[in-house]
Amino acid sequence: MKSRSEEFEEWGTEVIFGRAKGFRAAMMRMILRGASWLFRLVVLARLYLFHSSIARQARLGMLVVSVGNITVGGTGKTPVVELLARTLTRRGRKVAILTRGYKSAELDKPQEWRDKDGRLPENLPKIASDGKTRYLGPLHSGDEPFMLAKNLDGVAVLVDKNRIKSGIFAIEHLGCDTLLLDDGMQYLKLAHELDIVLVDCGAPFGTGAMLPRGTLREPRSSLARASYIILTKCGGKPQDELISAIRKYNPVADIIVSDHGPRYLENVFTGERLPLEALRGKWVACLSGIARPESFENSLRSLGAHVEICRRFPDHHWFEQTELQEFYDRCADRAMDMIVTTEKDAVRLEKPEEKPEVPIYFLRIEVEIYQGREAWERCVDRICGISEPRPQDEWMPPACGKNDISRESAEIRRFYAEKAA
């Protein structure tokens, strides 16, 4: 069942998008608008502190590529991170994805992991995967990190709010030479050599207002920080008008137009795969707990499915078996041909004791580049062109001397230096 916090989150989403009506919703929007002005000032002040080097950024002597956005959720970031990590791995890079693991549970006991010499490092990040073995389930790693770890061989996936710590672990113990900062545009404590910023063609600037009244994390002007801009979910349509709007804020970044194209259906519990043609003419029930469920539901309709039932939950909702069973029974009563969910939601579905009467599939989505293939190749070539990392004694924030580094970075470096000794 939904918790009170989830019910409030759902109502708050309805308020932000203007779907909630009435006096209470109108008053809440007025309050949130005032709060968004304060939030904007805080964001601008923070950006100024880092831009002017008053607030220090750690550098790890290794290439750090951020993949992020200026809005909250729904830009299709995970498939882009997966494509980039897979492409770089094929090109010979040793990649680690650093993520915070949004809404992941704390470990019941500290994780144990041995390095190649059999040692047990302390103060570990949560290791979803070291590139060879998956160590954590979706509950403790988070649904998106688990999905990345499941789909990417040879790529480490590390979960920690302190991504400086997880970055150093990736370098020191996993031998990684490329760090992908998942959802990293706002994580400024660690310097980014490249910023890849995603913009959803369906809602490029969210609701147009800053948090908490709207869905913008940063002002539109922050697009100026992007090295590359990827327009997602274009639907195969030209995006000249959106590109023109983005050029007002960033006239020089390469812009890549992409779509999140469906590939196949896969049974959540058996692994059976069906072609997309299997949806045509079928009566389908949708199950989702994502930021923009309407995009997922519309994609099924475009593939010829009759979408009869839509069950939506808050983003990253951890499904309880009782609420799932109620949904399964409803689908059986309505004689649905199949239940279709997203790949991210599928990792949070527990296998029921009895086989569901209606089969459950997830829709596999992959990124397709429609425009700017040359720019994508330049981006990959630029990353792969970086050769050896800098030695550890050169790790420092910019514009600082070797003896004038941030305390957090210094403490982490000291810890690893003592362990190496």
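Shown above is the structure to which this text applies.
Computed from a predicted model, the values in this text were never measured in an experiment.

Peer 1: Explain the overall build of the protein chain to me, using residue names and the numbers behind them.
Peer 2: Along the backbone of the protein chain there are 12 helices and 13 strands. On C-alpha atoms alone, the protein chain measures out to a radius of gyration of 22 Å, which is about the 22 Å that the 2.2 N^0.38 rule sets for 421 residues. Dimensions of the protein chain, computed from the C-alpha atoms along their principal axes, are close to 70 × 50 × 45 Å. Looking at the protein chain as a whole, 53% of its 421 residues qualify as buried. Considering only intrachain contacts with a sequence separation of at least 6, the fraction spanning at least 24 residues in the protein chain is 74%. Surface summary for the protein chain: the accessible area is close to 20,500 Å², and the carbon and sulfur share equals 51%. Across the protein chain, the centroid of the 63 positively charged side chains sits 5 Å from that of the 60 negatively charged ones.

Peer 1: Describe the packing of aromatic side chains, naming the residues involved and giving the relevant values.
Peer 2: With the rule as written, the count across this model stands at four aromatic pairs. Between Trp113 and Phe169, the ring centres sit 5.2 Å apart and the planes meet at 70°, which makes this aromatic pair edge-to-face. Taken together, the residues Trp113 in the loop between strand 2 (95-99) and strand 3 (126-130) and Phe169 in helix 6 (residues 163-174) connect sequence positions 56 residues apart. The same class applies to Trp113 and to Phe169, which are both buried. Considering the side-chain rings of Phe205 and Tyr249, the 6.3 Å spacing of their centres and the 70° angle between planes classify their relative orientation as edge-to-face. Taken together, the residues span a long stretch of sequence, with Phe205 in the loop between strand 6 (194-200) and strand 7 (228-232) and Tyr249 in the loop between helix 7 (240-247) and strand 8 (254-267) at a distance of 44 residues.

Peer 1: Residue-level account of the packing of helix 3 (residues 77-90) against helix 5 (residues 143-151), with values.
Peer 2: As a packed pair, helix 3 and helix 5 sit with axes 11 Å apart at the nearest point and diverge in direction by 30°. Taken together, the axes of helix 3 and helix 5 lie roughly parallel to each other. Pair helix 3 / helix 5 crosses with right-handed handedness. Every residue of helix 5 that contacts helix 3 at Lys77, Thr78, Val81, Glu82 and Arg86 is listed here: Glu144, Met147, Leu148 and Asn151. Looking at the contact of helix 3 with helix 5 residue by residue, the class counts come to three nonpolar, two polar and four charged.

Peer 1: Tell me about the side chain of Thr178, and name the residues and values.
Peer 2: Relative to the helices and strands, Thr178 is located in strand 5 (residues 178-182). For Thr178, a relative accessible area of 0% translates into the label buried. Separated by 3.0 Å, the side chains of Thr178 and Asp177 make a polar contact. Beyond its immediate stretch of four places on either side in the chain, Thr178 contacts Met62, Leu63, Leu88, Arg93, Lys94, Val95, Ala96 and Ile383.

Peer 1: Would you mind going over the nonpolar core in detail, with residue names and values included?
Peer 2: Proteins that are soluble and globular tend to have nonpolar side chains buried together. Val65, Leu84, Leu88, Ile97, Leu180, Ile196 and Ile383 are the most contacted members of the largest nonpolar core, which totals 32 residues. Element by element, the count of residues in this core is highest for helix 11 (residues 373-384), at six residues. If near-sequence neighbours (up to four positions away) are discounted, Val65 is found in contact with Leu84, Leu179, Leu180, Leu181, Leu194, Ile196 and Ile383.

Peer 1: Describe the pairing of strand 13 (residues 360-371), naming the residues involved and giving the relevant values.
Peer 2: Bridge count for strand 8 against strand 13 is 10 bridges, and the pairing is antiparallel. Within the sheet, the bridge partner assigned to Pro262 lies in strand 13 and is Ile365. Taken together, the four bridges between strand 12 (residues 338-342) and strand 13 define a ladder with parallel strand orientation. Bridge pairing links Thr342 to Leu363 in strand 13.

Peer 1: Which residues make up helix 5, and what are the values?
Peer 2: Counting buried positions over the nine residues of helix 5 gives eight, a clear majority of the element. Where helix 5 is concerned, the buried positions are Asp143, Glu144, Pro145, Phe146, Met147, Leu148, Ala149 and Asn151.

Peer 1: Describe helix 2 (residues 23-51), listing the residues and the values that go with them.
Peer 2: Its 29 residues place the ends of helix 2 42 Å apart at the C-alpha level, agreeing with the 42 Å of an ideal helix rising 1.5 Å per residue. The set of residues buried in helix 2 consists of Ala25, Arg29, Leu32, Ser36, Val43, Leu47 and Phe50. Check the buried side of helix 2 and you find it contacts helix 1 (4-16). After helix 2 finishes, the residue Ser53 shows a positive phi value of roughly 65°.

Peer 1: Provide a residue-level description of the side chain of Gln186, including the pertinent values.
Peer 2: Within the fold, Gln186 resides in the loop between strand 5 and strand 6. The exposure class assigned to Gln186 is buried, which follows from its relative accessible area of 18%. In this structure the side chain of Gln186 is engaged in a polar contact, spanning 2.8 Å, whose partner is the side chain of Glu218. If we skip the residues at most four places from it in the chain, Gln186 touches Arg46, Asn69, Ile70, Arg217 and Glu218.

Peer 1: Before we move on, can you summarise unusual backbone geometry with the specific residues and values?
Peer 2: Put simply, Leu211 and Pro212 share a cis peptide bond, and its omega is 0°. With respect to the element layout, Pro212 can be found in the loop between strand 6 and strand 7. A positive phi is found at Asn123, a non-glycine position, where the angle reads about 55°. Among the secondary structure elements, Asn123 is positioned in the loop between strand 2 and strand 3. Owing to a relative accessible area of 46%, Asn123 belongs among the partly exposed residues under this scheme.

Conventions we followed
Residues numbered from 1 in each chain as written. Predicted model: local features only at pLDDT ≥ 70, side-chain atom pairs only at ≥ 80, totals over all residues. Heavy atoms only, no water. Helix = DSSP H or I, 4+ residues; strand = E, 2+ residues; numbered from the N terminus. Rg over C-alpha atoms; globule rule 2.2 N^0.38 Å. Buried < 20%, exposed > 50% of the residue type's maximum accessible area, 1.4 Å probe, protein only. Contact = heavy atoms within 4.5 Å. Areas by Shrake-Rupley, 256 points an atom, 1.4 Å probe, with all protein chains shown as cover. Lys, Arg positive; Asp, Glu negative; His and termini not counted. Charge placed at Lys NZ, Arg CZ, Asp CG, Glu CD. Phe/Tyr/Trp six-rings, centres within 6.5 Å; stacked < 30°, edge-to-face > 60°. Axes fitted to C-alpha atoms, helices over the stretch in contact; angles between N-to-C directions. Parallel < 35°, antiparallel > 145°, perpendicular 65-115°, else oblique. Left-handed = near helix turned anticlockwise from the far one by under 90°. Nonpolar A, V, L, I, M, F, W, Y, C, P; charged D, E, K, R; others polar. Polar contact = N/O pair within 3.5 Å; in protein donor to acceptor, adjacent residues only side chain to side chain. Core = buried A, V, L, I, M, F, W, Y, C linked by side-chain atoms within 4.5 Å. Pairing = 2+ DSSP bridges. Expected span 1.5 Å × (residues − 1).

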